[in-house]
Amino acid sequence: MEIRQLRYFLTVAEELHFGRAAERLHIVQSAVSQQVRRLERELGAELFDRTTRTVSLTEAGRRLLPHAREVLAAEVRGRAAVDELRTEQAATLRLGTSAGLGTRLDAILAGFARLAPGARLELVTAATDARLRSVRSGELDATLLRGERAGTGLEFLPVWEDALMVALPARHDLAVRAVVDTADLAGLPLRLSPPSRNPALYDLVTASCREAGFEPVMGPEFTTAQDTLATIGFGTPSWTVFYAPHAEQLPMPGVVFRPLRDPSPVMRTFLAVRPDPPRAVLRALIEACHGA
């Protein structure tokens, strides 16, 4: 039994005339008659009483009629669902990002292109608070965020964790070690963004220092990665931290990157979204983030 046969049967049942049914279907009358006959042979029952002047439904035809309508209605709904998906996938999705994503961002872009090949991912860089406001207002569909924020009215989906690496002068005694004990950084000035700019990182690093038994000595603020690393490499000895995927992309003369231990600080990254059912293209982004 084919969808086409049910469509032809239903049209004839509504018109009770093979000629008018053929006109509605924009095909020749013989094709309608042929397909109805094939359906009757498959079902083993006559669906229409035919005379030279009239066409009427048989009992078998009357019983088939509501089921034919149900099948064709389901076909319409199925096509509409696929059309809706195609429209969603062709849309543009706007994602807020921040510096330091490193190879993670490349993996997100590749994963999203594979999962939603018809969609376009637009990246928007801004301060954290501005990105969160844009997600709430709908200007952004989502934003990546390190550390969770309370009271935002958004949903935070955990997507990955990054270890922190310490950036040290290559000439410093600690630079020869494969792993640096956090406690050994006591007394060496720490260059860090202030809590007003990056509260999650500031809290994580200072808490790690205290867990290691010391209060960090704050040096000049972290400005840009290039300027801060240049100062660490060739200025007064100091240290800072970078997320591991970012550190891998930052070969800098005079600076080495080393893992930390006791403790080994790890930052969790979230995807902040509105607490609404996600459309298909956003589900593709969420999956791409998990895959990164």
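Residues numbered from 1 in each chain as written. Predicted model: local features only at pLDDT ≥ 70, side-chain atom pairs only at ≥ 80, totals over all residues. Heavy atoms only, no water.

So, on to the overall build of the chain. Within the chain one finds ten helices and ten strands. Based on the C-alpha atoms only, the size of the chain along its principal axes is roughly 105 × 35 × 30 Å. Put simply, the chain has 292 residues, and 44% of those count as buried. Sequence-distant contacts in the chain: of pairs separated by 6 or more residues, those separated by 24 or more amount to 73%. As displayed, the chain offers around 15100 Å² of accessible surface, 52% of which is attributable to carbon and sulfur atoms. Side-chain charges in the chain split into 35 positive and 35 negative, and the spacing between the mean points of these groups amounts to 6 Å. (Helix = DSSP H or I, 4+ residues; strand = E, 2+ residues; numbered from the N terminus. Buried < 20%, exposed > 50% of the residue type's maximum accessible area, 1.4 Å probe, protein only. Contact = heavy atoms within 4.5 Å. Areas by Shrake-Rupley, 256 points an atom, 1.4 Å probe, with all protein chains shown as cover. Lys, Arg positive; Asp, Glu negative; His and termini not counted. Charge placed at Lys NZ, Arg CZ, Asp CG, Glu CD.)

All right, on to the pairing of strand S4 (residues 120-125) then. Bridge analysis of strand S3 (residues 92-97) against S4 gives six bridges, and the strand direction is parallel. Note that in S4 the partner of Gly96 across the bridge is Val124. Note that the unit made of S3, helix H5 (residues 103-115) and S4 has a crossover that is right-handed. (Pairing = 2+ DSSP bridges. Right-handed = clockwise from strand over helix to strand, strands pointing away.)

What follows is about the packing of helix H2 (residues 18-25) against helix H3 (residues 29-43). At a closest axis distance of 8 Å, the pairing of H2 and H3 adopts a crossing angle of 105 degrees. Here H2 is positioned roughly perpendicular relative to H3, judged by the angle of their axes. From H2, Phe18, Gly19, Ala22 and Leu25 reach across to H3, where they touch Gln29, Val32, Ser33 and Val36. Here the contact of H2 with H3 is built from residues that sort into five nonpolar, three polar and no charged. (Axes fitted to C-alpha atoms, helices over the stretch in contact; angles between N-to-C directions. Parallel < 35°, antiparallel > 145°, perpendicular 65-115°, else oblique. Nonpolar A, V, L, I, M, F, W, Y, C, P; charged D, E, K, R; others polar.)

Turning our attention to unusual backbone geometry. Backbone torsion omega between Asp262 and Pro263 reads 0 degrees, so that peptide bond is classified as cis. Tracing the sequence through the fold places Pro263 in the loop between strand S9 (255-261) and strand S10 (266-273). Of note, Leu16 is a non-glycine position whose phi angle comes to about 55 degrees, a positive value. Relative to the assigned elements, Leu16 resides in the loop between helix H1 (3-15) and H2. Residues other than glycine seldom take positive phi values, yet His26 does so here, at roughly 60 degrees.

By themselves these figures say nothing about function.
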